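What the coordinates show
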Amino acid sequence: MSRKVTIKDIARELNTTISTVSRALNDSPLISIQTKALVKKKAAEMGYRPNSIARQLRDGRSRTLGLLVPRINRAFFANVIHGVESIAKQQGYQLLICQSNDSVEEEEEAIKTLREQKVAGIIVSRASDAIHDDFYQEILDDGIPLVMFDRVAKSLNVNQVINANEKGSYLAVKHLIQQGYQKILHFGGPLSINVYQERYAGYVKALAEAHIPLDESLVFRTVLTQEEGQKCMKQILGRALSFDAIAAASDFSALGAYLELEKTGLSIPEQVGLVGFANESFTELIGMSSVEQYSVDMGMTSAKLLLEEIEGREKDAPQMHRQMVIVPKLVVRRSSQKGNERG
């Protein structure tokens, strides 16, 4: 699919500014008749198609923001939604929420729906099986403001809000080591997604700092759901693999491991230590240690960045995309407190 022509392309061809091209195409009285004619001629030659969404932004008619999350029924994403909505309402915007069910096909369909609804801007966290960024680049080429959070595409020049995932994972594994655990499993996700790359990196860093050799036989990819965690734990126990702790990149995979360990009678934390990631609501109920990601703050920050970009475009202000990093905290509970912590 050929890339769509943007006003930036036209400006480059005419050696002028984006704002001049934009004003000329919209018959601004600030632009001369000759310049308008030149810009419109070049736009026609290049096959430029006007962006109706951008026009709505200028006219102030679109007051809806689009939000796409992998799964609505996760406390982490529910809290992000709450944070986004609280800021959107303050500024007079409504929120249109979609979920991808962690499927890239459903993600693309949801993005199509949001574009058809002519939302003023989009906030998104990618599906776990996303492998390319083509349809997000199309959004940018159409001039639609876009903010990515948590699971982001680092190749795209957009505003991003992320956690310091490596630090969170490092704190979790370091804590397990300080408690006396040495053979620590890692339940991770696909390395094509930034958050799972970073959580794996934190796991590796903590082991290296403690002079514990990395054993890849203790690392399991794409173990993110409760079902996957339970199935993986059952297989591990069947193989009699030697381990004494689990550092999971997801609370749900940690929950699956927890349930399977309980079935076998293995004692938590005396025989197996366990730490999850995201601090879902159930972790407190079962006494599971986890990494708090401050998801409400992540949602509020994402909304603020999107609204700033929308306002900046309405004023033809230069776009400065930023990456905001939210620092997580390890919440220690019974599942990882073996009782012999070393400094």
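Because the structure is a prediction, the values reported are computed rather than measured. (Residues numbered from 1 in each chain as written. Predicted model: local features only at pLDDT ≥ 70, side-chain atom pairs only at ≥ 80, totals over all residues. Heavy atoms only, no water.)

Some words on the overall build of the chain
- When helices and strands are counted, the chain shows 13 helices and 12 strands.
- Dimensions of the chain, computed from the C-alpha atoms along their principal axes, are close to 80 × 35 × 35 Å.
- The proportion of buried residues among the 343 residues of the chain is 53%.
- For the chain, the accessible surface area stands at approximately 15,800 Å², while carbon and sulfur atoms represent 50% of it. (Helix = DSSP H or I, 4+ residues; strand = E, 2+ residues; numbered from the N terminus. Buried < 20%, exposed > 50% of the residue type's maximum accessible area, 1.4 Å probe, protein only. Areas by Shrake-Rupley, 256 points an atom, 1.4 Å probe, with all protein chains shown as cover.)

A word on the side chain of S289
- By secondary structure assignment, the location of S289 is in the loop between helix 12 (281-286) and strand 10 (290-292).
- Looking at S289, its side chain comes within polar contact range of the main-chain nitrogen of R333, at 2.7 Å.
- Dropping the residues within four chain positions of it, S289 is found in contact with L274, V275, G276, V331, V332, R333, S335 and S336. (Polar contact = N/O pair within 3.5 Å; in protein donor to acceptor, adjacent residues only side chain to side chain. Contact = heavy atoms within 4.5 Å.)

With respect to the nonpolar core
- Core analysis: the biggest nonpolar cluster contains 41 residues, and I184, L185, F187, M233 and I246 have the highest contact counts within it.
- Those elements giving two or more residues to this core turn out to be helix 8 (165-178), strand 6 (184-187), helix 9 (194-209), strand 7 (219-220), helix 10 (226-238), strand 8 (245-248), helix 11 (251-264) and strand 9 (273-275).
- If you tally residues by element for this core, the top one is helix 11, at 6 residues.
- Membership of the second largest hydrophobic core comes to 24 residues, among which are I87, A120, A303 and L306. (Core = buried A, V, L, I, M, F, W, Y, C linked by side-chain atoms within 4.5 Å.)

Concerning helix 9
- If you check helix 9, its first and last C-alpha atoms are 22 Å apart, about what 16 residues at 1.5 Å a residue would give, namely 22 Å.
- Within the sequence span of helix 9, burial applies to N194, V195, Y196, E198, R199, Y200, G202, Y203, A206 and L207.
- If you follow the buried residues of helix 9, they end up packed against strand 5 (159-163), helix 8, strand 6 and strand 7.
- Just downstream of helix 9 lies H211, where phi reads positive at about 60°. (Expected span 1.5 Å × (residues − 1).)

Observations regarding the sheet that holds strand 7
- Strand order in this open sheet of 4 strands is 7-6-8-9, and the pairing throughout is parallel. With one partner strand each, in any of the chains shown, strand 7 and strand 9 form the two edges of the open sheet.
- One ladder, built from 3 bridges, connects strand 8 with strand 9; its direction is parallel. Paired with A245 across the strands is G273, a residue of strand 9.
- On top of the sheet, helix 9 reaches strand 6 and strand 7; it is set at about 170° to strand 6, its chief contact.
- Where helix 11 meets the sheet, its contacts fall on strand 6, strand 8 and strand 9, and the angle it forms with strand 8 comes to roughly 155°. (Pairing = 2+ DSSP bridges. Axes fitted to C-alpha atoms, helices over the stretch in contact; angles between N-to-C directions.)

A closer look at the pairing of strand 6
- Along strand 6, one buried face is formed by I184 and H186 and the opposite face, lined by L185 and F187, is buried too.
- Note: strand 6 against strand 7, 2 bridges, orientation parallel. Within the sheet, the bridge partner assigned to H186 lies in strand 7 and is V219.
- Following the backbone out of strand 6, through helix 9 and into the adjacent parallel strand 7, one traces a crossover that is right-handed. (Right-handed = clockwise from strand over helix to strand, strands pointing away.)

Focus: the sheet that holds strand 1 (residues 64-69)
- Overall, parallel pairing links the 6 strands, which are arranged 2-1-3-4-5-11 in an open sheet. Edge positions in the open sheet fall to strand 2 (94-99) and strand 11 (323-326), since each of these has one partner strand only. On average, each strand axis in the sheet is tilted by 15° relative to the strand beside it, whichever way the strands run.
- Here strand 5 pairs with strand 11 via 4 bridges, running parallel. Across the sheet, V161 pairs through a bridge with M324, a residue of strand 11.
- In this fold helix 5 (residues 75-90) packs onto strand 1, strand 2, strand 3 (121-124), strand 4 (146-149) and strand 5, with an angle of close to 170° to the strand it touches most, strand 1.

A look at the packing of helix 2 (residues 18-25) against helix 3 (residues 33-46)
- One way to put it is that helix 2 packs onto helix 3 with a least axis distance of 9 Å and a crossing angle of 95°. In terms of orientation, helix 2 lies roughly perpendicular with respect to helix 3. Between helix 2, through T20, V21, A24 and L25, and helix 3, the contact on the second element is made entirely by T35, K36, V39, K40 and A43.
- The residue makeup of the contact of helix 2 with helix 3, split by class, is 5 nonpolar, 2 polar and 2 charged. (Parallel < 35°, antiparallel > 145°, perpendicular 65-115°, else oblique. Nonpolar A, V, L, I, M, F, W, Y, C, P; charged D, E, K, R; others polar.)

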